[in-house]
Amino acid sequence: MQERLATQNRALLRDLAELVRNLQRKKVPHELKEYRTRLLEVCRQFRKKCEKNLVDLARTPELLEDVLSETQQVTQTVRLLSTRLAGPVLRASPKDRLCLTTIKWLHNHHPQTTGIPAAFADGDCAVWPFRLRIAPVYFFPSVEQQGLLYQPLFFHEFGHLLYVLYKNKMDELVRDLQREIEARLIPVSQRNDRYADRQAVERLTVSFTWYRWTQEFFCDAVGLTVGGPCFLRAFSGYLGTMDRGDFYREPEYLQGSTHPVKWLRIRLLVARAKTLGFPDVAREVAEGWALVARTMGIAEDYHGYYAQFFSDAVTQTIEAMLTLANPYRWTKILEQEEKEREDVRSIVPVFNQAWEKYTSDPEGYGAWEVEAVRRLLS
Amino acid sequence: MKNNEWLTAESFEQAHELLSAINTLSIHTKLMLAGIDDTERLGEVREARIVLTNFLTRFEQVVSEAEQRGDHRALGVDPRFGQLVSKFLATRSQWPQESPLYFTSFAEMQRLTNSEKKEDQKHLISLLRDLRAFVEQHAHSDVVGILGDI
C-alpha cells in the first residue's frame, strides 16, 4: 500500500505540473487573469500536499490510513481542476469578456466579494459557490453568453454566493420561516387518528422543502434588487418555456423539490417589482404568464406548499435576508444618474437599455447590441 | 438554477475542509505519540483544531435540535448536513455500539481535539479515524455529484 500511495502521489505531482504548464501557456482575457492566478496557487498548495504525503509515507506505517485519505483528497481536487475548474482558462476566448465583465462587476460592487476572481464555463445557469481554496465558478448557456439580454441571470446566481457568505445567519432565518410555515399549517381543530399523523408528515415535508425554496426565492430577490426591470424580463424570458410544469406540479413532484414552481417565482417577483417602482413591466410579465396558463386551462394550485396565509412570513424572511446580504440596489434615480454621468462602471443601465431596445425595436436590436457591447468592453 | 448544484458544491467543499483537518490532526497526534518531531505542521494543526471545533459545535447543535423533534430532522439546515445528522442519530441508536464516535459526548470530543496530553492521544486517534470514515462515506455522493461517474 505504501508503494501504491507513493506512486499515486508522484503521478499527481506530474499531473499538477502539466496543469500548471497548460494554465501558464494559455492566453486569456485580462478579466480572467486573477482566476488563473488563483488556480495556479491551488496547484501549488496541492503539490505541497503531495510532497508532504511522500515524506509522511516514509516516516511511519502508522500514517498509512491518513496519507490514503489525503491522497484521495488531492486526487479528487486534481480531477475537479482538470474536468471543470481549469476549463474557463484552458478554453478561454475573447468572447468570454462580456460574461466576465458582468461577474467582475458583481463581485467588485459588493464589499463581501471584492477581489474574488471571475470565471465561468458553459452550462445551464448555475454556480458552484466555492469560497475556501478555489473560487466560485459560474455556468452560463453558450448562446446567451454573447448577448446582453440574459446577463442579468448572473445576478440570481450571485445570490447563492451571498447566501454562502452569510450561511449561519441565513440558515437561522430560514429555520424561523420553516417553523412559522409548519405552525401555520396546523389546522385549528385536530383529529386524533391516522389521518392526523399523515397531515403531520405532510406539514414536515412542506417545511423541509422550504429550505431550498427559500434560497431560490432569495436569489430571485437579489437578482431583482440588483437589476430591476432587466432581471424580471430576463428571468421571465429564460424560464418561460411555456411548459405545463412551469405552472403546475403534482404533489409528489413538489415534495422535496429543489426549485419552486416557476409561476410562483414569477408571481413573487412581480409583487416585489411593483414595490420597487416598475409596475408596467411587472404587469406585462404577469399577463404573459397568465395568458399561457389560461390557454392551457391551468388554475393556480400549490397543494399547500405555498398559501396566501403564510405569504407574509415568506416576504418578511426574504426582506430580512436582503437586509443581511445588502446587495447593490437598482433604482430609477440611480440609473438616471449613472446614465447622465455616462458611468461605464455600472452595467445595469446597459442591460435595462438592452431590454427596452429589444422590446421597442426587435429588428434594430442586433446592430444596437453589437455597438453597446463594444462600448461596454472598451 | 440548475438542480441545486450550489448545494452539492458547498457540501463537497465543506467535506474536504473537514477531512483535511481530521487528517492533519491525526497525523500530528500519531507523530507526537511516536516521538517524531512535527513542529513544521504546527500552524496547520492549529487551523485543523479550529475547523474541527467549529464542526463539532455546529454538529452538536443540530443533533440536539433534531433529537428534540420526533422525526430526527432539524430545520434551518441544508439537506446534505441534515442527512449527515440523521445518519449519525440512526447509527447511534443501534446496539451494540463499538465506535467511540457514538458513545463519546461532544464536549469530550472537543476536549480531546484540543488536548496535548499523551493519555488522550490514543482515544483521539480512534475517534478521528471513525469520524473520517463517517464523513468520507457521506461525502461520496457529493464527489459523484461534482465529478460525475462513468
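Residues numbered from 1 in each chain as written. Chains lettered and ligands numbered in written order. Predicted model: local features only at pLDDT ≥ 70, side-chain atom pairs only at ≥ 80, totals over all residues.

## Comments concerning the nonpolar core
Core analysis: the biggest nonpolar cluster contains 117 residues, and Val222, Leu232 and Ala273 of chain A have the highest contact counts within it. Those residues in contact with Val222 of chain A that sit more than four places away from it in its chain are Phe155, His156, Phe158, Gly159, Leu162, Ala325 and Pro327 of chain A. Within the second largest apolar cluster, eight residues are counted, among which are Val62, Ala66, Ala74 and Val77 of chain B. (Core = buried A, V, L, I, M, F, W, Y, C linked by C-beta atoms within 7 Å. Buried ≥ 20, exposed ≤ 12 C-beta atoms within 10 Å, placed from the backbone. Contact = placed C-beta atoms within 7 Å.)

## Focus: the confidence of the model for chain B
Do not read the fine detail of predicted coordinates wherever pLDDT is low. Residue and element names in this part refer to chain B. When pLDDT is averaged across chain B, the result is 89; 97% of the residues are at 70 or more. When mean pLDDT is taken per element in chain B, helix H2 (residues 42-68) scores highest with 94 and helix H4 (residues 100-103) scores lowest with 88. Interface confidence for the predicted complex, given as ipTM, is 0.91, next to a pTM of 0.91. (pLDDT = per-residue confidence, 0-100. Helix = DSSP H or I, 4+ residues; strand = E, 2+ residues; numbered from the N terminus.)

## Brief notes about the packing of helix H8 (residues 167-184) of chain A against helix H14 (residues 311-325) of chain A
Residue and element names in this part refer to chain A. As a packed pair, H8 and H14 sit with axes 10 Å apart at the nearest point and diverge in direction by 175°. Compared by their axis directions, H8 and H14 come out roughly antiparallel. On H14, the residues touching Lys169, Met170, Leu173, Leu177, Glu180 and Ile181 of H8 are Ala313, Val314, Thr317, Ala320, Met321 and Leu324. Residue composition of the contact of H8 with H14, grouped by class: nine nonpolar, one polar and two charged. (Axes fitted to C-alpha atoms, helices over the stretch in contact; angles between N-to-C directions. Parallel < 35°, antiparallel > 145°, perpendicular 65-115°, else oblique. Nonpolar A, V, L, I, M, F, W, Y, C, P; charged D, E, K, R; others polar.)

## Comments concerning the interface of chain A and chain B
Quoted interface sizes are often the accessible area lost when the parts come together. With 37 residues of chain A in contact, the opposing surface of chain B contributes 32 residues. Of all elements in the fold, only helix H2 (33-59), helix H3 (64-85), strand S2 (126-128), helix H7 (153-165), H8 and helix H9 (194-227) of chain A reach the threshold of two or more residues within the side of chain A that touches chain B. No other element matches the nine residues that H3 of chain A contributes to the side of chain A that touches chain B. Its residues assigned to classes, the side of chain A that touches chain B shows 14 nonpolar, 10 polar and 13 charged.

## Structural notes on H2 of chain B
Given 3.6 residues per turn, any residue in an α-helix points the same way as the ones three and four places further on. All names here are of chain B. Here H2 is 27 residues long and its end C-alpha atoms lie 39 Å apart, about the 39 Å a rise of 1.5 Å per residue gives. For H2, the complete set of buried residues consists of Ala48, Leu52, Val62, Val63 and Ala66. Of the surrounding secondary structure, the elements contacted by the buried residues of H2 are helix H1 (5-33), helix H3 (79-92) and helix H5 (106-113). (Expected span 1.5 Å × (residues − 1).)

## Observations concerning the environment of Pro152 of chain A
All names here are of chain A. Structurally, Pro152 is set in the loop between helix H6 (142-145) and H7. Of the residues examined, Pro152 has 29 C-beta atoms within 10 Å and is grouped as buried. In the structure, Pro152 is positioned 67 residues away from Leu85 in sequence and 23 Å away in space, judged by C-alpha atoms. Once residues lying within four places of it in the same chain are set aside, the contact partners of Pro152 are Gly223, Gly227, Cys230, Phe231, Ala234 and Phe351.

## A look at the domain arrangement of chain A
Residues and elements named next belong to chain A. Taken domain by domain, chain A comprises domain 1 (2-145) and domain 2 (153-330). Between the C-alpha centres of domain 1 and domain 2 there is a distance of 34 Å. Taken together, the contact pairs 14 residues of domain 1 with 11 residues of domain 2. The residue inventory of the side of domain 1 that touches domain 2, partitioned by class, reads eight nonpolar, five polar and one charged. (Domains from an automatic or database assignment.)

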